[in-house]
Amino acid sequence: MLRSLIEAWPDEVYTRPLVTTRFLGQRTTYVCAPGHIRSLIVDQAGALEREPFMLRALAPALGSGILTADGPHWRGQRRTAAPMFRPDRVRAFIPAMAEAAHATRLRWLGQMSAHGSADARFDGERDILPEMMRTTFDVIVATMVSGDSQLKVEPFGRAIDAYLGQTPWKIALSMLRAPAWMPHPGARAGARAVRYLRSEVARTVERRRSRGEPGADLLGLLLQAKDPETGERLSDESLIDNLLTFVAAGHETTALALTWTLRVLADHPAVEARILDEIAGLGADPAPEALDRLAFTRQVVLEVMRLYPPAPLIVRRTAEEVRLGDTVIPAGESVHVPVYALHRHQSLWDRPDVFDPDRFAPELTASRDRYAYLPFGAGPRVCIGMGLALTECLVILATLLPAFRFVPAKAEMPATQFRVTLRPKGGMKMKVVPRHAH
Ligand code: HEM
C-alpha cells in the first residue's frame, strides 16, 4: 500500500461493475460501472462526504478549502470561486501561461549553451517531471499572484514536495486507525513545510491588501469575490486555504499530464508529427482563440489522461445509506471510484491498454458513456480547474514541442506510482534535444 495504493486494488476492478473489499473490518466498495458512478457521485452526491484518510493527508496543509470542506462551507466557497474559472477568465490567463512556457524553453536553451552544445548533439538527460512541475508552478503563480516577485518559487516548490512526499504514510496510518500524532517518516519535515507554505501565502495576501488595489489575477478576483447567494466575502483563513489548494491541486496534476504526454509521444512519432502540423498551422504569435484549433493535440492529452490519469482515485465516505442498483451501502463506509482501473476497464474500452487518440474524436466521444472517462471527476465536485488545466497543457505543448524532441532514457515506460497523484516511478528521464540549432 505504501509503495502504490493501485497495486493493492483487487484485479476485479478491471472487469466487474462493483467490488467490495474488507480491510481491518472496514468495508470499501469500488464502483467501476459508469451507471453506478453517475448514481453515486452525481445523483446521490448529497449522501457523501470527504474520506477521512484523504482529509488526514491533506487538511493539515489545505485547511478547510474547496477540496477538503464539506456541506455548506464547501458550497459557499465553490459558488464564490466558480466565476474565476469560467472560459473567458481562463482565456485571459493565456498570455501568463505562454510566458511561463517560454521561460522553460529559454531555461533549457540557456543550460544547453552553457554546456557549449546548443545544437542537436546536446545529450543532457533530465527528469522531465520536476521540469514540468516548475513550468506549471510558474503558471499557477503567474495566474494567481502575477508580479509578486517576493514569493520564492523554488523553496515553495520544495516545501510542497516535502509535504506530499509523506502523505502515503498519513493515508496508511489513517487506514490502520493509528492516532494522528503517531510519528512516521517525513512527519517533521511535512509539518515544517506546512508552516512555511501557510505563512508565505498569508504574507502574499497581506502584501496585496496593503497595496490597496486587488489586481486582475486569481488572488485579486478572490479578494473581491462574493458568494452570489449570501453576498459574503471569503475570510483570510479561507483565502489562504484556497490559494494553497489551487497550487496543490493544480500544479502537480497538470505537470503529470504533460510529463506522461511527452513520454507517450516519444513512442508515437506519427502522432507527434500530426501535433506538430497542427501547431505549425497556428502561425507565429497566435491569438488566444487560436488554441481552439488544436483539436487533435487536445485529443492526445485526453487519451494520455485515460491511460495515466493524474488523479487516479476518487474517494468518498457515505454519510447516509446509498443505493447502487440492488446494492445497499450503509452510512459510514468507503466508496471509491478507481479512475485508473475505470479507464482501462475491459468491458468499457476496446484494447484498453493501447494508446489511440482517435478514441477522443468527437463522434466516438459522443457515443461513449460520459462516466466511463473521469480524469476530472464529475458531479458537483468536478474539478473546478478543468478548463484552466486543459488550456495550460495546450499552451505548454505548443511552446515546447516545436522547439525540442524528447528522447526517453529507457525504452520501457516507467511503472506508475500512487502519490495521491499518479507519478512515474523513478521519475521520467529523457534527453531534451533542440530541433534546430539556435
Ligand atoms: C490535469 C490537471 C488536473 C486534474 C487531472 C485534476 C483532477 C481533479 C479531480 C479528479 C478532482 C475531483 C476530486 C474528487 O471528486 O474527489 C479535482 C478537484 C479539484 N481540482 Fe482539479 N485537476 C487538475 C487541475 C486543476 C487545476 C489547474 C486546479 C486549480 C487551479 C484544480 C483545482 C481543483 C479543486 C479546487 C478541486 C476540488 C473541487 C471541489 O471539491 O469542489 N485542479 N481535480
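Here the structure is a predicted model, which means the values were calculated and not measured.

Parameters and conventions
Residue positions are given per chain, counted from 1 along the sequence in the order it is written. With pLDDT at 70 or above as the cut-off, local features in this predicted model cover only qualifying residues; side-chain atom pairs require 80 or more to be listed or tallied, and sums for whole chains, interfaces and linings still use all residues. No hydrogens and no water enter the side-chain calculation; it runs on all heavy atoms of the structure. Secondary structure elements are defined from DSSP: runs of H or I of at least 4 residues count as helices, runs of E of at least 2 residues count as strands, and each element is numbered from the N terminus. For the exposure calls, accessible area comes from a 1.4 Å probe over protein chains only, and a residue counts as buried if that area is under 20% of its type's maximum, exposed if over 50%, partly exposed in between. Under the counting rule used here, the positive set is Lys and Arg, the negative set is Asp and Glu, and His together with the chain ends is not counted. Salt bridges are defined by distance alone: a side-chain nitrogen of Lys or Arg within 4 Å of a carboxyl oxygen of Asp or Glu. Polar contacts, as counted here, are pairs of nitrogen or oxygen atoms within 3.5 Å of one another; within protein the pair requires one atom able to donate a hydrogen and one able to accept it, and residues that are adjacent in sequence qualify only if both atoms are side-chain atoms. Here, residues are in contact when the closest pair of their heavy atoms is within 4.5 Å. Keep in mind that water is not among the atoms, so a site may look incomplete; donors are the N, O and S atoms within 2.8 Å of the metal, or 3.2 Å for Na, K and Ca. Pairing of aromatic side chains requires ring centres within 6.5 Å, counting the rings of Phe and Tyr and the six-membered ring of Trp. Pairs whose planes differ by under 30 degrees are stacked, by over 60 edge-to-face, and all others tilted. We define proximity as follows: a residue is near a molecule or strand when any one of its heavy atoms falls within 4 Å of that partner. In this classification, the charged set is Asp, Glu, Lys and Arg, the nonpolar set is Ala, Val, Leu, Ile, Met, Phe, Trp, Tyr, Cys and Pro, and all remaining amino acids, among them Gly, are polar. For two strands to be treated as a pair, DSSP must find no fewer than two bridges joining them. A fitted line through C-alpha atoms serves as each axis, taken over the contacting stretch for helices, and the angle formed by two N-to-C directions is quoted from 0 to 180°. Detection works on a 1 Å grid of protein atoms alone, calling trapped sets that fit a 1.4 Å probe cavities and calling open sets with protein on both sides within 12 Å along at least five of seven lines pockets, with lining residues defined by an atom within 4 Å of a point. Grid points are joined across faces, edges and corners, and a volume is the space filled by probe spheres set on the points. Grouping buried Ala, Val, Leu, Ile, Met, Phe, Trp, Tyr and Cys residues that are joined through side-chain atoms within 4.5 Å yields what is termed a nonpolar core. UniProt positions are given in the numbering used here, feature names are shortened, and annotations may be inferred rather than shown by experiment. The disulfide criterion is simple: two cysteine sulfur atoms within 2.5 Å.

As a further point, take the side chain of R78. Looking at the secondary structure, you find R78 in helix 3 (residues 71-81). No salt bridge is formed by the buried R78; the nearest opposite charge belongs to D70, separated by 11 Å. A polar contact of 2.7 Å, which involves the side chain of R78, links it to the backbone oxygen of V382. Non-local contacts of R78, meaning those with residues more than four positions away in its chain, are made with I66, P380, R381, V382, C383 and I384.

To continue, consider the coordination of the iron atom of the ligand. Donor atoms from the protein around the iron atom of the ligand number only one, C383 (SG), found at 2.3 Å. Turning to its location among the elements, C383 is positioned in the loop between helix 15 (362-367) and helix 16 (386-400).

Summed over the entire model, instances satisfying the criterion amount to 8 aromatic pairs. Ring geometry for W108 against F406: centres 5.9 Å apart, planes inclined by 70 degrees, an arrangement best described as edge-to-face. Residue W108 is found in helix 5 (residues 94-114), and its partner F406 is found in strand 9 (residues 404-408); the two are separated by 298 residues along the sequence. With respect to class, W108 is no different from F406; both count as buried. Between W260 and Y308 the ring centres are 4.1 Å apart and the planes differ by 5 degrees, which places this aromatic pair in the stacked class. Residue W260 is found in helix 11 (residues 236-267), and its partner Y308 is found in the loop between helix 13 (295-307) and strand 5 (314-318); the two are separated by 48 residues along the sequence.

Time to look at the site of the ligand. Neighbouring the ligand are 27 residues; W74, R78, R316, R381 and C383 lie closest to it. A distance of 2.8 Å separates an oxygen atom of the ligand from a polar side-chain atom of R78. Mapped onto the shell around the ligand, the elements with two or more residues apiece are helix 3, helix 11, strand 5 and helix 16. Its residues assigned to classes, the shell around the ligand comprises 17 nonpolar, 6 polar and 4 charged.

Backbone-to-backbone hydrogen bonds pair the strands of a sheet. The strands run either parallel or antiparallel. Strands sit in the order 4-12-9 across an open sheet of 3 strands; the sheet is antiparallel. Strands at the two margins of the open sheet, each flanked by one partner only, are strand 4 (125-127) and strand 9. With strand direction ignored, the average angle separating the axes of adjacent strands in the sheet is 40 degrees. As judged from the 3 bridges shared by strand 4 and strand 12 (residues 429-434), these two strands associate in the antiparallel manner. For E125, the partnering residue across the bridge sits in strand 12 and is K431. Each of strand 4, strand 9 and strand 12 touches helix 6 (residues 128-145); the most contacted strand, strand 4, lies at about 60 degrees to it. On the sheet, helix 11 packs against strand 9 and strand 12 and is oriented at approximately 80 degrees with respect to strand 9.

Right, let's get into the layout of surface pockets. Vacant regions in the atomic arrangement are exposed by a probe of water-molecule size rolled over the atoms. Taken as a whole, the largest pocket spans an internal volume of roughly 670 Å³. Lining the largest pocket are 28 residues, with R298, L302, M386, G387 and L390 sitting closest to its centre. Contributing elements (two or more residues each) for the lining of the largest pocket: helix 4 (87-92), helix 13 and helix 16. The greatest single-element share of the lining of the largest pocket, amounting to 6 residues, is contributed by helix 16.

Let us look at the nonpolar core. In terms of nonpolar packing, the biggest core is built from 119 residues, with M132, F156, F246, F404 and F406 touching the most fellow members. By residue number, the principal contributor to this core is helix 11, which donates 14 residues. In contact with F246, other than residues within four places in its own chain, are I66, A81, F85, I140, M144, L218, L222, H251 and I384. Counting 18 residues, the second-largest nonpolar core is a separate cluster that includes V31, I37, I41 and V322.

Scanning all chains against the criterion turns up 27 salt bridges. What emerges from the salt-bridge pattern is a single network uniting R50, D70 and R381.

Strand order in the open sheet formed by 5 strands is 1-2-8-5-3, with mixed pairing between adjacent strands. Two strands bound the open sheet, and with one partner strand each, they are strand 1 (18-23) and strand 3 (48-49). Packed onto the sheet, helix 1 (residues 34-43) meets strand 1, strand 2 (26-31), strand 3 and strand 8 (334-337) and runs at close to 125 degrees relative to strand 8.

UniProt marks C383 with the feature "binding site: heme" (unreviewed entry), using the numbering shown here. The class of C383 is partly exposed, set by a relative accessible area of 32%. Every residue in contact with C383, bar those within four places of it in the chain, is listed here: R78 and F376.

Attention now moves to the state of the cysteines. Disulfide: a covalent bond formed between the sulfur atoms of two cysteine residues. Counted under the stated rule, the structure contains 0 disulfides. Cysteine C393 is unpaired, with the sulfur of C383 as its nearest cysteine sulfur at 11 Å. You can call C393 buried: its relative accessible area is 3%.

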